[in-house]
Amino acid sequence: MILMSTNDILRIVFIVAVVLIVLIILALFLYGPIKRKIYEKKFKELYYRKIYKLALYKDYYLINDFIFQSDSSISCIDHILFGEKYIYFIIDLYFAGDIMGKADDKSLIYIPRRGEKCYTDNPLLRIEKYVKRVSILTNLDSSLLIGIVLVNNECHTAIMSESKQYYVIQAKRLKALVKAIESREVGKLNEEQLDRAVKSIDKMNRKRRK
């Protein structure tokens with residue numbers, strides 16, 4: 001039987017404590033980058049879960065991955081959420097940095113977390129184009145259609161806009177935005193209108209035909 005001295009025990013305790021402290025520091029240091037990396041790869045899935053919960057909670061109809069003919073190309077709207085008063089067209093994006101600019105500019109200023117400031121295509125113009133195209137193809141009143149660009153929570157946005165129809169918003173703020181829009185003093189879509197809108201849009205969905 002080997003007996004350890006008090007000094008040996010203290011030395012072992014000290015080494016274990018140092019190792020644990022180093023591991024904790026490494027975990028805290030790596031948590032942010034690892035979380036962002038996972039978010040970047042899984043952001044569409046995470047957005048879907050959030051939108052699905054909203055649709056389920058409010059009993060809204062939801063169409064995902066809506067693929068349609070837009071001019072001479074095939075386009076995709078990630079989610080179409082049918083509210084009580086409005087229909088929400090949502091595209092999912094991830095930015096490893098912040099964006100700013102004017103809503104009607106062709107490009108927005110993009111400030112990545114690493115790297116130099118640059119420009120990126122304005123996604124508001126894309127969702128506006130999609131909304132107008134679907135409105136024409138389905139004969140739905142465009143004033144009932146809301147376009148939303150959903151971005152990750154870490155992306156800070158400074159978009160100058162007076163539009164009440166097109167938005168860039170962090171995923172965590174989507175529920176509040178829909179609630180605010182649905183609280184506008186306009187009449188609700190009746191069941192016949194809503195059913196007709198759902199069927200009209202779903203009929204266009206090329207994904208459904210595959």
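If you're wondering where the values come from, they're calculated on a predicted model, not measured in any experiment.

Q: Explain the overall build of the protein chain here, please?
A: Along the backbone of the protein chain there are five helices and nine strands. Relative to its full complement of 210 residues, the protein chain shows a buried share of 36%. Long-range contacts, defined here as pairs at least 24 residues apart, represent 56% of the contacts in the protein chain between residues at least 6 apart. Accessible area for the protein chain stands at about 13700 Å²; split by element, carbon and sulfur atoms hold 57% of it.

Q: Honestly, the packing of aromatic side chains in this entry has me stumped. Any pointers?
A: Two descriptors summarise a pair of aromatic rings, namely the distance from one centre to the other and the angle between the planes of the rings. Applying the stated criterion across every chain, the model contains seven aromatic pairs. Within the aromatic cluster, the residues linked to one another by ring pairs are Phe43, Tyr47 and Tyr94. In this arrangement the basic side chain of lysine 175 is found over the ring face of tyrosine 57, its NZ or CZ atom lying 5.1 Å from the centre. Between the NZ or CZ atom of arginine 184 and the centre of the ring of tyrosine 86, over which it lies, the distance is 5.5 Å.

Q: What's the story with the side chain of glutamate 182 in this structure? I'm lost.
A: Summarising the element assignment, glutamate 182 is placed in helix 3 (residues 174-182). Comment: no salt bridge for buried glutamate 182; closest opposite-charge side chain is lysine 85, at 6.1 Å. A distance of 3.1 Å separates a polar side-chain atom of glutamate 182 from the backbone nitrogen of glutamate 84. Each residue touching glutamate 182, except ones within four places of it in the same chain, is listed here: Tyr60, Gly83, Glu84, Lys85, Tyr86 and Tyr88.

Q: For this particular structure, what's the right way to read unusual backbone geometry?
A: For residues that are not glycine, phi is negative in most cases, and the peptide bond is trans in most cases. Despite not being glycine, aspartate 59 has its phi angle at roughly 60 degrees, a positive value. Positive phi, normally seen in glycine, also occurs at asparagine 139, with a value near 65 degrees. The topology assignment puts asparagine 139 in the loop between helix 2 (123-138) and strand 7 (145-151). We classify asparagine 139 as exposed; its relative accessible area is 71%.

Q: I'm lost on a nonpolar patch on the surface in this one. Help?
A: Side chains of Ile12, Phe14, Ile15, Val16, Val18, Val19, Leu20, Val22 and Leu23 sit close together on the surface and give an oily, nonpolar patch of about 790 Å² of accessible area. You can see valine 19 is positioned in helix 1 (residues 6-58).

Q: How do you make sense of a positive patch on the surface when you look at a structure like this?
A: A contiguous patch of positive charge on the surface is contributed by Lys50, Lys53, Lys58, Lys175 and Lys179. Breaking the positive patch down by element, the ones donating at least two residues are helix 1 and helix 3. Counting residues per element, the positive patch draws most heavily on helix 1, which supplies three residues. For lysine 50, the position within the fold is in helix 1.

Q: Which parts of the structure should I look at to understand the sheet that holds strand 4 (residues 97-102)?
A: Within a sheet, each strand pairs with its neighbour through backbone hydrogen bonds, oriented either parallel or antiparallel. In spatial order, the strands read 6-5-4-8; together these four strands make up an open sheet with mixed pairing. Looking at strand neighbours, the two that pair on one side only are strand 6 (118-121) and strand 8 (157-160), the edges of this open sheet. Sheet twist, expressed as the mean angle between neighbouring strand axes with direction ignored, is 30 degrees. As paired strands, strand 4 and strand 5 (residues 107-112) are joined by four bridges and run antiparallel to one another. What sits directly across from aspartate 98, in strand 5, is isoleucine 111.

Q: Sorry, what's going on with the pairing of strand 6 here?
A: Across four bridges, the pairing between strand 5 and strand 6 is antiparallel. Following the sheet pairing, isoleucine 109 is matched in strand 6 by tyrosine 119. In this structure, the hairpin formed by strand 5 and strand 6 is closed by a connection of five residues, where glycine 115 is found at a positive phi of approximately 110 degrees.

Q: Sorry, what's going on with the nonpolar core here?
A: The nonpolar side chains of a soluble globular protein tend to be buried with one another. Residues Phe66, Ile80, Ile87, Phe89, Ile127 and Ile201 are the most contacted members of the largest nonpolar core, which totals 32 residues. Where this core is concerned, the elements lending two or more residues are strand 1 (61-70), strand 2 (73-82), strand 3 (87-92), strand 5, helix 2, strand 7, strand 9 (166-170) and helix 4 (191-204). Top contributing element to this core by residue count: helix 2, with five residues. Discounting residues that sit within four places of it in the chain, isoleucine 80 has contacts with Tyr61, Leu62, Ile63, Phe66, Ile87, Tyr88, Phe89 and Ile201.

Cut-offs applied
- Residues numbered from 1 in each chain as written.
- Predicted model: local features only at pLDDT ≥ 70, side-chain atom pairs only at ≥ 80, totals over all residues.
- Heavy atoms only, no water.
- Helix = DSSP H or I, 4+ residues; strand = E, 2+ residues; numbered from the N terminus.
- Buried < 20%, exposed > 50% of the residue type's maximum accessible area, 1.4 Å probe, protein only.
- Contact = heavy atoms within 4.5 Å.
- Areas by Shrake-Rupley, 256 points an atom, 1.4 Å probe, with all protein chains shown as cover.
- Phe/Tyr/Trp six-rings, centres within 6.5 Å; stacked < 30°, edge-to-face > 60°.
- Lys NZ or Arg CZ within 6 Å of the ring centre and 35° of its normal.
- Lys, Arg positive; Asp, Glu negative; His and termini not counted.
- Salt bridge = Lys/Arg side-chain N within 4 Å of Asp/Glu carboxyl O.
- Polar contact = N/O pair within 3.5 Å; in protein donor to acceptor, adjacent residues only side chain to side chain.
- Patch = residues over 30% accessible without salt bridge, like charges linked within 9 Å, V, L, I, M, F, W, Y side chains within 5 Å.
- Charge placed at Lys NZ, Arg CZ, Asp CG, Glu CD.
- Pairing = 2+ DSSP bridges.
- Axes fitted to C-alpha atoms, helices over the stretch in contact; angles between N-to-C directions.
- Core = buried A, V, L, I, M, F, W, Y, C linked by side-chain atoms within 4.5 Å.

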